[in-house]
Amino acid sequence: MISVEGLSKSFQVAKRSKGLGQAFKALFVREHTTVQAIQNISFSIPQGEIVGYIGPNGAGKSTTIKMLSGILVPDSGSCSIMGYTPWKERTAYVKHIGVVFGQRSQLWWDVPVIDSFELLKDIYRIPAASYRATCDLLIEALDLQGILHTPVRQLSLGQRMRCEIAASLLHSPDILFLDEPTIGLDAVSKIAVRQFIQTINKERGVTVILTTHDMNDIEALASRILLIGKGSLLYDGRLGELRARFGTHKTITVDYRETNRPIAIPGVTLLSRTPGRAVLSVDMERARISSVIGELSEQVDLLDVAIEAQSIEEVIVRLYKEHQI
Ligand SMILES: Nc1ncnc2c1ncn2[C@@H]1O[C@H](COP(=O)(O)OP(=O)(O)OP(=O)(O)O)[C@@H](O)[C@H]1O
């Protein structure tokens, strides 16, 4: 459905020199530097997949999404999405995509939400019957009834984001680009937005490309991740594979009847110890959890044990470290 081949994009940025003399000179001669935002990126995404597009700040995620949604033209490379080249056939192409930029609004600031929806209906030329059906569905699923007549500028961030997502789906697109869709949302709204994305993916087969710094979004939604760093694609694979490769440790928190006896088990590192509680890191290649617990029960009088796998956040940090980004 989406095929990207050798995509590159650079920006010319005016150099700012220090000192008054240099600033004066810059009035007449502007020097520029080139920022290579995206460098030779290739990937393909089949219909119905949810892909997490991740990477540190400035890695080039938004630049890629802008090219894929036809807002930016790349310097080189090709991109075919449902047979369209996004930046060349934009008018026909946008009917098939929905875009949400968490930081920017596609709604009209001063008018009630429902009026923005009506405007989008006209812009996308959505037939009245299908608009009504989709709109009702979105209002229900995203709990918009109580805010439909409020001007967008009076909405809270979470309320606005739910309206943004609804707006991006009014024309029933096949692909949804989400750039930081849960930024600034409270825990309840985040979960609601995630559940909704899952539903439209499962029930309508919408393909989703999601950029986020929230690893819980990734964990909840994306089965595959594309990792980008300094403009290049560094990893393309399943989240499960990533866990298997980097999730080599588990953390055990043990509560025990206080004792001064040392805790020493091969393959286990003591992360912290306070009276009656120790936090241990188990190297899964060197020790089995069951034998570690067995050893522990010999060394201390156990009261409680909690075992945690490495969080996806930790796994991603290790991946960033491996690629030195
Ligand atoms: N319009 C622009 N003009 C000049 N440079 C730009 C422009 N847009 C992006 N860049 C530069 O391109 C690089 C990639 O930026 P981009 O916004 O794609 O990163 P990102 O991965 O989305 O970052 P973040 O996680 O911080 O949102 C950065 O170095 C940025 O400064």
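Refer to the preceding data block for the structure.
All values derive from a computational prediction rather than experimental measurement.

### So, the environment of M82
Structurally, M82 can be placed in the loop between β4 (76-81) and α3 (90-93). The exposure class assigned to M82 is partly exposed, which follows from the 15 C-beta atoms found within 10 Å. Residues M82 and H96, 14 residues apart in the sequence, show an inter-C-alpha distance of 8.5 Å.

### Brief notes about the sheet that holds strand β8 (residues 224-229)
Taken together, the six strands give an open sheet; going across it, the order is β5-β6-β7-β3-β8-β9, and neighbouring strands pair in mixed fashion. Edge positions in the sheet fall to β5 (97-101) and β9 (232-238), since each of these pairs with one other strand and no more. In this sheet, neighbouring strand axes are inclined to one another by 15° on average, regardless of whether the strands run parallel or antiparallel. Where β5 meets strand β6 (residues 175-179), five bridges bridge the pair, whose relative direction is parallel. From the neighbouring strand, V99 faces β6, where its bridge partner is F177. Of the strands in this sheet, β3 (50-54), β6, β7 (207-211) and β8 are in contact with helix α2 (residues 61-68), which crosses β6 at around 155°.

### Re unusual backbone geometry
Note: most peptide bonds trans; most residues except glycine with negative phi. One non-glycine residue, M82, lies in the positive phi region at around 50°. Not every positive phi belongs to a glycine, and S172 is a case in point at roughly 50°. Along the chain, S172 turns up in the loop between α6 (157-169) and β6. Here S172 falls in the partly exposed class, since 18 other C-beta atoms lie within 10 Å of it.

About the criteria used
Residues numbered from 1 in each chain as written. Predicted model: local features only at pLDDT ≥ 70, side-chain atom pairs only at ≥ 80, totals over all residues. Helix = DSSP H or I, 4+ residues; strand = E, 2+ residues; numbered from the N terminus. Buried ≥ 20, exposed ≤ 12 C-beta atoms within 10 Å, placed from the backbone. Pairing = 2+ DSSP bridges. Axes fitted to C-alpha atoms, helices over the stretch in contact; angles between N-to-C directions. Contact = placed C-beta atoms within 7 Å.

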